[in-house]
Amino acid sequence: MPHRLPPLTALPAFDAAARHLSFTKAAAELNLTHGAISRAVRNLEERLGIRLFERGTRSVRLTPAGAAYAAEVGAALDRIGAATIVATASRSAGVLNVSTSDGFAGRWLVPRLYRFHRENRDIDVRLSTSGVHADFIRDGIDIAIRYGEGGYEGVVSEFLAEEDVSPVCSPELLQGEHPLRQPSDLRHHRLIHHDFRIDWATWLRCAGLDDIDPNSGVRFDSAAYAVEAAVQGEGVLLGRSALVSADLAAGRLVRPFDLALKSRWKYYVVYPDGALRQRKVKAFRDWLFNEMAAGSYDRGQAW
C-alpha cells in the first residue's frame, strides 16, 4: 500500500511557523514571503482536514492537534536532514566545510589549523566566513563555530569557550616617551576600535577614567584588521581573548593592565544531528575542544 503523505513541500513551512509561532519569522528563515507560508499551511490544513493554528490579529498559536503534529514533523525533518548529510558524505569524505566568522577564522583558527592537518592529512578544511549563519544543508556546511547566546534551533550546539575583553598592545608601547603602565597612560596613546558590544566607553568607565575620549582613535569594521593594527603598534585595542590569544602567546601583543570584562556571548560548536557519524566532523570537533582547552583561562567580570 502506498504511503499516505501530506503535501511534502508544505512541511518545512509548517515546521518553521510552528517553531517560531510566527508566519513572518518562518518566511524570513525560509527566504519566502508571508503569503507563501500562509498558503502552504492552509493547503496542509485542507489536506489533513484539521486546523493546525489558531490565528489572531497579530499572532498565531498551535492547536492541540497542531502541536502534536509539529513535534512529529520536526523530528521527521531532522531525521531527513541527518540522513541527507550521511548519504552525501561519501562524495566528499576528505573535504570538511567549516563556517565561522572572519575574525575567529583569521586570528584563532587559521594560526592553529596546521596542527589539525598534521594529525589528519586525509582531510582538507575549507573555510566559509560569511557574516550570516550558514544553512548546513543548502550551503553544504559540515560544522560551524558560532558566537552568540546559544540556543540554536534544529542543530546540536555545544559550548566551546567564554570570552573576555581587555586592552592589548604591541610590546613597544610599554617603552618610549609614554610607556603604558597604568590605565591613565592611555591618554597618550591612540585607541583602536572595532564593532563589538563591549567598547572603550564601557571599559574606561569600569576603570574609573572619565577624562579620556572613548571615541577617539582609529576604527575598523573587521576585528582581524583591528588586531593586526595593534600588532603593528598603531595603538591600544580592546582585545577579545579568543582573537588575540595566538598573538599573546607569540609575544606580538601584551596585556598592559589586569582589568578584563567578560562577554555574555560565548563560542559554540554547532552541527546537524548525526553529523558526528562522519569521521571528518568528529575529528575536527574533538580537535577544536582540545585546542581551546589547551589555551583556556577564566578571567574578568561579566559584562
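Summarised in this report is the structure supplied together with it.

1. Examining the overall build of the chain
Working step 1: Scanning the chain from N- to C-terminus turns up 9 helices and 13 strands.
Working step 2: Seen along its three principal axes, the alpha-carbon backbone of the chain occupies a region of about 85 × 50 × 25 Å.
Working step 3: By the burial criterion, 45% of the 303 residues in the chain qualify as buried.
Working step 4: A separation of at least 24 residues holds for 76% of the contacts in the chain among residues at least 6 apart in sequence.
Working step 5: For the chain, the exposed surface amounts to about 16,300 Å²; the carbon and sulfur share of it is 49%.

2. With respect to the pairing of strand S4 (residues 124-128)
Working step 1: Across 5 bridges, the pairing between strand S3 (residues 95-99) and S4 is parallel. If you follow Leu96 over to S4, its bridge partner there is Val125.
Working step 2: Assessed by its sense of winding, the connection that carries the chain from S3 through helix H5 (residues 102-119) to S4 is right-handed.

3. As for the sheet that holds strand S6 (residues 156-161)
Working step 1: Spatially, 5 strands are ordered S4-S3-S5-S12-S6 in an open sheet, and the strand pairing comes out mixed. Of all strands in the sheet, those with a lone pairing partner are S4 and S6, marking the two edges. Direction aside, neighbouring strands of the sheet carry axes that sit 25° apart on average.
Working step 2: The sheet strands contacting H5 are S4, strand S5 (143-148) and strand S12 (266-271), and the helix crosses S4 at an angle near 175°.
Working step 3: The strands that helix H9 (residues 279-294) touches are S3, S4, S5, S6 and S12; relative to S6, the one it contacts most, it runs at about 25°.

4. Quick look at the nonpolar core
Working step 1: Counting residues in hydrophobic clusters, the biggest one holds 45 residues, and the most contacted among them are Phe104, Leu186 and Phe284.
Working step 2: Setting aside residues no more than four positions away along its own chain, Phe104 makes contact with Leu109, Ile145, Ala242, Leu243, Tyr267 and Met292.

5. What about the packing of H5 against H9?
Working step 1: The interhelical angle for the contact between H5 and H9, taken along N-to-C directions, is 115°, at an axis separation of 11 Å. Judged by the sense of rotation from one axis to the other, the crossing of H5 with H9 is right-handed. Contacts between H5 and H9 pair Phe104, Trp108, Leu109, Arg112, Leu113, Arg115, Phe116 and Glu119 from the former with Ala283, Phe284, Trp287, Leu288, Glu291 and Met292 from the latter.
Working step 2: Here the contact of H5 with H9 is composed, by residue class, of 10 nonpolar, no polar and 4 charged.

What counts and how
- Residues numbered from 1 in each chain as written.
- Predicted model: local features only at pLDDT ≥ 70, side-chain atom pairs only at ≥ 80, totals over all residues.
- Heavy atoms only, no water.
- Helix = DSSP H or I, 4+ residues; strand = E, 2+ residues; numbered from the N terminus.
- Buried < 20%, exposed > 50% of the residue type's maximum accessible area, 1.4 Å probe, protein only.
- Contact = heavy atoms within 4.5 Å.
- Areas by Shrake-Rupley, 256 points an atom, 1.4 Å probe, with all protein chains shown as cover.
- Pairing = 2+ DSSP bridges.
- Right-handed = clockwise from strand over helix to strand, strands pointing away.
- Axes fitted to C-alpha atoms, helices over the stretch in contact; angles between N-to-C directions.
- Core = buried A, V, L, I, M, F, W, Y, C linked by side-chain atoms within 4.5 Å.
- Left-handed = near helix turned anticlockwise from the far one by under 90°.
- Nonpolar A, V, L, I, M, F, W, Y, C, P; charged D, E, K, R; others polar.

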